[in-house]
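Okay, here's what each chain looks like letter by letter:
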Protein chains: 2
Amino acid sequence: MAETVRSARAGRPTLAVVGATGAVGTVLLQILSHRADVWGEIRLIASPRSAGRKLAVRGEEVEVTALTEEALDGVDIALFDVPDEVAAEWAPRAAALGAVVVDNSRVFRMAADVPLVVPEVNPHAVRTRPRGIVANPRCTTLSMIVALGALHAEFGLRELVVSSYQAVSEAGRAGVETLRRQLSLVAGTELGTSPGDLRRAVGDGTGPFPEPVALNVVPWTGTLQDDGWSSEETALRDESRKILGLPRLPVAVTCVRVPVVTAHALTVHARFESEVTVDKAREILATAPGVVLFDNPAAGEFPTPADVVGTDPTWVGRVRRALDDPTALELFVCGDNLRKGAALNTAQIAELVAAAPS
Amino acid sequence: MAETVRSARAGRPTLAVVGATGAVGTVLLQILSHRADVWGEIRLIASPRSAGRKLAVRGEEVEVTALTEEALDGVDIALFDVPDEVAAEWAPRAAALGAVVVDNSRVFRMAADVPLVVPEVNPHAVRTRPRGIVANPRCTTLSMIVALGALHAEFGLRELVVSSYQAVSEAGRAGVETLRRQLSLVAGTELGTSPGDLRRAVGDGTGPFPEPVALNVVPWTGTLQDDGWSSEETALRDESRKILGLPRLPVAVTCVRVPVVTAHALTVHARFESEVTVDKAREILATAPGVVLFDNPAAGEFPTPADVVGTDPTWVGRVRRALDDPTALELFVCGDNLRKGAALNTAQIAELVAAAPS
Ligand SMILES: NC(=O)c1ccc[n+]([C@@H]2O[C@H](COP(=O)([O-])OP(=O)(O)OC[C@H]3O[C@@H](n4cnc5c(N)ncnc54)[C@H](OP(=O)(O)O)[C@@H]3O)[C@@H](O)[C@H]2O)c1
Ligand SMILES: NC(=O)c1ccc[n+]([C@@H]2O[C@H](COP(=O)([O-])OP(=O)(O)OC[C@H]3O[C@@H](n4cnc5c(N)ncnc54)[C@H](OP(=O)(O)O)[C@@H]3O)[C@@H](O)[C@H]2O)c1
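The rules behind the values
Residues numbered from 1 in each chain as written. Chains lettered and ligands numbered in written order. Predicted model: local features only at pLDDT ≥ 70, side-chain atom pairs only at ≥ 80, totals over all residues. Heavy atoms only, no water. Helix = DSSP H or I, 4+ residues; strand = E, 2+ residues; numbered from the N terminus. Rg over C-alpha atoms; globule rule 2.2 N^0.38 Å. Buried < 20%, exposed > 50% of the residue type's maximum accessible area, 1.4 Å probe, protein only. Areas by Shrake-Rupley, 256 points an atom, 1.4 Å probe, with all protein chains shown as cover. Lys, Arg positive; Asp, Glu negative; His and termini not counted. Charge placed at Lys NZ, Arg CZ, Asp CG, Glu CD. Pairing = 2+ DSSP bridges. Right-handed = clockwise from strand over helix to strand, strands pointing away. Domains from an automatic or database assignment. Contact = heavy atoms within 4.5 Å. Buried area = accessible area lost by both parts, 1.4 Å probe. Salt bridge = Lys/Arg side-chain N within 4 Å of Asp/Glu carboxyl O. Polar contact = N/O pair within 3.5 Å; in protein donor to acceptor, adjacent residues only side chain to side chain. Nonpolar A, V, L, I, M, F, W, Y, C, P; charged D, E, K, R; others polar. Least-squares fit on C-alpha atoms with pLDDT ≥ 70 in both. Expected span 1.5 Å × (residues − 1). UniProt positions renumbered as here; feature names shortened; annotations may be inferred. Axes fitted to C-alpha atoms, helices over the stretch in contact; angles between N-to-C directions. Near = heavy atom within 4 Å.

Student: Looking at this structure, I do not really get the overall build of chain A. What am I missing?
Tutor: Counting secondary structure elements, chain A contains 11 helices and 13 strands. Whereas a compact globule of 358 residues would reach a radius of gyration of roughly 21 Å, chain A reaches 21 Å, a difference of no more than 12%. Along the first, second and third principal axes, the C-alpha set of chain A runs to 60 × 50 × 45 Å. Out of the 358 residues belonging to chain A, those deemed buried represent 61%. In the form shown here, chain A has an accessible surface area of approximately 13,100 Å², with 50% of it arising from carbon and sulfur atoms. The averaged location of the 44 negative side-chain charges in chain A is 2 Å from the averaged location of its 35 positive side-chain charges.

Student: It is not clear to me how the pairing of strand E1 (residues 15-18) of chain B should be interpreted in this structure. Could you clarify?
Tutor: Residue and element names in this part refer to chain B. What you see with E1 is no split at all: Leu15 and Val17 on one side and Ala16 and Val18 on the other are buried throughout. Sheet topology places E1 next to strand E2 (residues 42-46); four bridges connect them, and they run parallel. Its bridge partner being in E2, Leu15 is matched across the sheet by Ile42. Between the parallel pair E1 and E2, the chain is carried across by helix H2 (residues 23-34), and the sense of this crossover is right-handed. When E1 meets strand E5 (residues 77-80), the two strands line up parallel, connected through four bridges. Bridge pairing in E5 places Leu15 opposite Ile77.

Student: What should I look at first to understand the domain arrangement of chain A in this one?
Tutor: A common way to state how big an interface is: give the accessible area lost once the parts meet. All names here are of chain A. Structurally, chain A comprises domain 1 (2-137 + 342-355) and domain 2 (141-336). With 15 residues of domain 1 at the contact, the number on the domain 2 side is 14 residues. In total, domain 1 and domain 2 occlude about 1,200 Å² of area from one another, counting both sides; carbon and sulfur atoms represent 70% of this. Linking domain 1 with domain 2 are zero salt bridges. On inspection of domain 1 and its partner domain 2, the count reaches three residue pairs in polar contact (both at pLDDT 80 or more). Of all the elements, helix H11 (residues 339-355) adds the most residues to the side of domain 1 that touches domain 2, at three residues. Among the residues forming the side of domain 1 that touches domain 2, the class breakdown is 10 nonpolar, three polar and two charged.

Student: I would appreciate a short explanation of the relation of the copies chain B and chain A in the present structure.
Tutor: Between the two copies of the chain lies a relationship made up of a rotation around an axis and a movement along it. When chain B is fitted to chain A, the residual RMSD is 0.0 Å, and the transformation amounts to a turn of 180° plus an axial shift of 0.0 Å. Taken together, the rotation and translation relating the two chain copies correspond to the operation of a two-fold axis. Comparing interface residues between copies, 100% of those in chain B also sit at the interface in chain A, which points to an isologous, same-surface contact.

Student: What is the right way to read helix H6 (residues 172-186) of chain A from this model?
Tutor: Count 3.6 residues to each turn of an α-helix, and residues three or four apart come out pointing the same way. A rise of 1.5 Å per residue sets the reference length of H6 of chain A, with its 15 residues, at 21 Å; its end C-alpha atoms lie 22 Å apart and thus fit the reference within 8%. Within H6 of chain A the residues assigned to the buried category are Gly175, Val176, Thr178, Leu179, Arg180, Gln182, Leu183 and Val186 of chain A. Check the buried side of H6 of chain A and you find it contacts helix H7 (197-202) of chain A together with helix H6 (172-186) of chain B. The positive-phi residue at the C-terminal boundary of H6 of chain A is Gly188 of chain A, with phi of around 75°.

Student: Would you mind showing me how to read the UniProt feature "binding site: NADP(+)" (unreviewed entry) in chain A here?
Tutor: All names here are of chain A. Those residues carrying the UniProt feature "binding site: NADP(+)" (unreviewed entry) are Thr21, Gly22, Ala23, Val24, Arg49, Ser50 and Asn337 in this numbering. Of the residues just listed, which span 317 residues, the most distant C-alpha pair is 26.8 Å apart, and they do not cluster in one region. Within the secondary structure, Gly22 sits in the loop between strand E1 (15-18) and helix H2 (23-34). Residue position: Arg49 is located in the loop between strand E2 (42-46) and strand E3 (54-57). Arg49 gets classed as exposed once you look at its relative accessible area, which sits at 76%.

Student: Would you take a moment to explain the sheet that holds strand E9 (residues 251-254) of chain A for this structure?
Tutor: Each strand in a sheet pairs with its neighbour through backbone hydrogen bonds, running either in the same direction (parallel) or in the opposite one (antiparallel). Residues and elements named next belong to chain A. Spatial strand order, E9-E8-E10-E13-E12-E11: six strands in an open sheet with mixed pairing. Looking along the sheet, the strands with just one partner apiece sit at the ends: E9 and strand E11 (291-293). Each neighbouring strand pair of the sheet contributes to a mean axis angle of 25°, computed without reference to strand direction. Note that E11 and strand E12 (residues 314-321) share three bridges and pair parallel.

Student: Mind showing me how you'd approach the pairing of strand E6 (residues 100-103) of chain B here?
Tutor: Here is the key point about a regular strand: its side chains alternate between the two faces of the sheet. All names here are of chain B. Both faces of E6 are covered, namely the face carrying Val100 and Val102 and the face carrying Val101 and Asp103. Pairing analysis gives four bridges linking E5 to E6, with the strands arranged parallel. Bridge pairing in E6 links Ile77 to Val100. Handedness of the β-α-β unit built from E5, helix H4 (residues 84-96) and E6 comes out right-handed. Bridge count for E6 against strand E7 (residues 133-135) is three bridges, and the pairing is parallel. Bridging from a neighbouring strand, Val101 pairs with Ile133 of E7.

Student: I tried to follow the site of ligand 1 on my own but got confused; where do I start?
Tutor: Residue and element names in this part refer to chain A. As a matter of local geometry, ligand 1 sits amid 23 residues, with Thr21, Val24, Ser47, Ser50 and Val82 nearest to it. Contact between ligand 1 and Ala23: an oxygen atom at 2.8 Å from a main-chain N or O atom of the residue. Put simply, the parts of the chain that give the shell around ligand 1 at least two residues each are H2, helix H4 (84-96) and H11. Taken together, the residues that form the shell around ligand 1 break down as 10 nonpolar, nine polar and four charged.

Student: Would you mind showing me how to read H2 of chain B here?
Tutor: All names here are of chain B. The first and last C-alpha atoms of H2 sit 18 Å apart over 12 residues, in line with the 16 Å expected at 1.5 Å per residue. Every buried residue of H2 is accounted for by Gly25, Val27, Leu28, Leu29, Ile31 and Leu32. Taken together, the buried residues of H2 touch E1, E2, strand E3 (54-57), E5 and helix H11 (339-355).

Student: Quick question: what am I supposed to make of the pattern of salt bridges here?
Tutor: When the charged atoms of two side chains with opposite charge come close together, those side chains can pair. Residue and element names in this part refer to chain A. All chains considered together, the criterion is met by 50 salt bridges over all chains. The residue Glu159 makes a salt bridge to Arg271 at a minimum N-O spacing of 2.8 Å. Linking Glu159 in strand E8 (residues 157-165) with Arg271 in strand E10 (residues 264-272), this pair joins segments that are 112 residues apart in sequence. A relative accessible area of 22% means that Arg271 is categorised as partly exposed. Salt bridges linked by common partners bring Arg9, Asp37, Arg58 and Glu60 together as one network.

Student: Would you explain the environment of Gly310 of chain A in this entry?
Tutor: As for its position among the elements, Gly310 of chain A is in the loop between helix H10 (305-308) and E12. Residue Gly310 of chain A is classed as partly exposed on the basis of its relative accessible area of 30%. Each C-alpha atom, one on Gly310 of chain A and one on Val100 of chain A, is 28 Å from the other, the two residues being 210 residues apart in sequence. Those residues within four positions of Gly310 of chain A in sequence are excluded, and the remaining contacts are Asp336 and Arg339 of chain A together with Pro195 of chain B.

Student: When you look at the site of ligand 2 in this model, what are you seeing that I'm missing?
Tutor: Residue and element names in this part refer to chain B. Among the 22 residues in the neighbourhood of ligand 2, the closest are listed as Thr21, Ala23, Ser47, Ser50 and Val82. The separation between an oxygen atom of ligand 2 and a polar main-chain atom of Gly19 is 3.2 Å. Measuring from an oxygen atom of ligand 2, one finds a backbone N or O atom of Val24 at 2.9 Å. If ligand 2 stood free it would expose 900 Å²; the protein chains cover 77% of that surface.

Right, dumping it as structure tokens:
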């Protein structure tokens, strides 16, 4: 490391990336390499299986160490991108050692004493973290909540009806490989035109999905909850309420998997406290941090996953006032589930914590 | 033709299929061959380009004739599956010649003096046809309306919020060929993971769609109306109101194209006049004609396009009561856009007319 870089970093907080070798961790290292560099040392941590591997971050090779108390010693902020059971054990241990933990697992999101933070929406919440843990919302919530937060600040949200079009990379590498394998089976065939033909062609190869996903849409993501709801659907409601600070917000949602590699899309019917205008909504969305308004159907402009994959913002198009309700808007939102939906938001939370250590 | 068949058909109404060589016409001939045979002569009519071709219906070869007044002479019921401009000219001419016309084009659906009929929902409407024309709803409406009609009859609909997952065969053979060509380009590649890569790979090959549809979802179907709405969206609202006899029903809708060959899907948030129960809703859907309830997520049962393609009914799954509104239900509905969505419904209307010629 050059001497000037070393001295510039002196006195800055030490960051640990726990789960640096994973799908989210990999994107996070890219993001840390491209954002303004506010960090002193960046430590890369994973399972003992990865100890000794070298990964690039900020243009330097850094050796991965196994997750131990020693590895966490002196860490100011630890970003956790590891399986739930690892987070459940190690996030509190890291916090006990003095680190502020930003956790991306399902474990802490709805805990009353853990803030669930989206820096564009509820940055203040990061300051109240009695357990030393800050949670990162799930990708589906993150794909819409920045746009909705901006509209809520102006109009006051009263109700949401949401349908999702979720990409397969939410299910990690296994999800992407399953779709690609199925696509190879269907390309150049007549599959998709007679009952059961896709299922027969795919056989047991549905991977992490309950049904074939190529040439299909599957109205199921997550695990089964009470009364036929999926965990993804109830969580989208619970997380939206917590982030927006609206504990009674009515949220109706159906989650659907689509054959897209990366970038979630959602249709949103949002009802507000009083009459809204499209002009005002567009003005808000055009200026809101982290949002791109891409909405001119006459010129063929509306966001699709193919447009937004690999980008940071929440893209919004098809902004219309409901035909039969002057207090409601229709939107189509789209965001990269691996960037803002996972790694980017944790990096932003870490920067918030670093800027105001409390 | 065997003598027994000939005599059995004597005195029965003469049916004409106008547009017998087209995408919808082809499915219609299959359907006519499989349903209970209530017809005398079945005449096949198309453009002069097809005159002399022979097509099979009811197991017999029938010669196609060109659309002329002579060809329509003596026809009791004429099913029109032709382009809008042909329907606009010839449906009234066929009616003037004494035929009852069942038209599948966009031309007459919203005319006040033309009934828009779904036999399971508003069969009575078929009797009032001052112009001698009965219109068939569009496929998107037909993919959900039988299920909604059954629920409305019991609970009384108050509001709909709908999002669609529409198959490419709605755009005819060109739509299917476009998706298949794009699938051949993306299979075995890493496409879909970096911004714009799909668009570059597909180039000008987007066919009838504004954006690449393989590995993508496109929030646009139809043509641009006022205030950013698409014709598909406003028509879904207008047709639902007309069929259900609810001229002021609030309907919010976003239409999205997905990479599925055949069978539309829709998420529906339906609000009713008073409290509903899932048990009662399931009982209605399980017994409603033309509806299949396929709803047991614990056993992996919910309808997908791959399950329902090539079948007649409207399939319904994911039946839940809204978490925050005891008067609302969430549904996922799925139907074959070429069968119930087009050809089947016209055949059913023709049978209604034949049974009660008025
Ligand atoms: N994929 C997404 O879209 C997404 C979105 C939001 C949130 N998340 C959440 O983010 C977390 C990581 O997801 P992912 O998709 O990146 O998973 P992944 O690709 O399987 O990566 C898991 C990471 O955790 C590490 N790890 C596993 N066991 C460990 C242990 N005992 N001690 C220390 N490190 C261990 C792995 O290290 P080794 O390589 O050494 O095994 C790897 O770095 C999960 O909680 C997931 O729910 C994922
Ligand atoms: N595809 C769908 O999912 C769908 C769904 C609902 C409704 N529709 C509607 O159904 C109608 C037919 O659609 P399609 O997809 O079947 O179209 P298509 O495949 O293009 O078929 C058009 C049919 O119309 C005939 N035709 C064209 N010009 C004619 C003329 N001047 N005189 C007589 N016949 C003529 C054609 O005969 P030749 O073969 O001789 O040219 C052919 O039989 C359209 O109004 C469409 O909007 C389609």
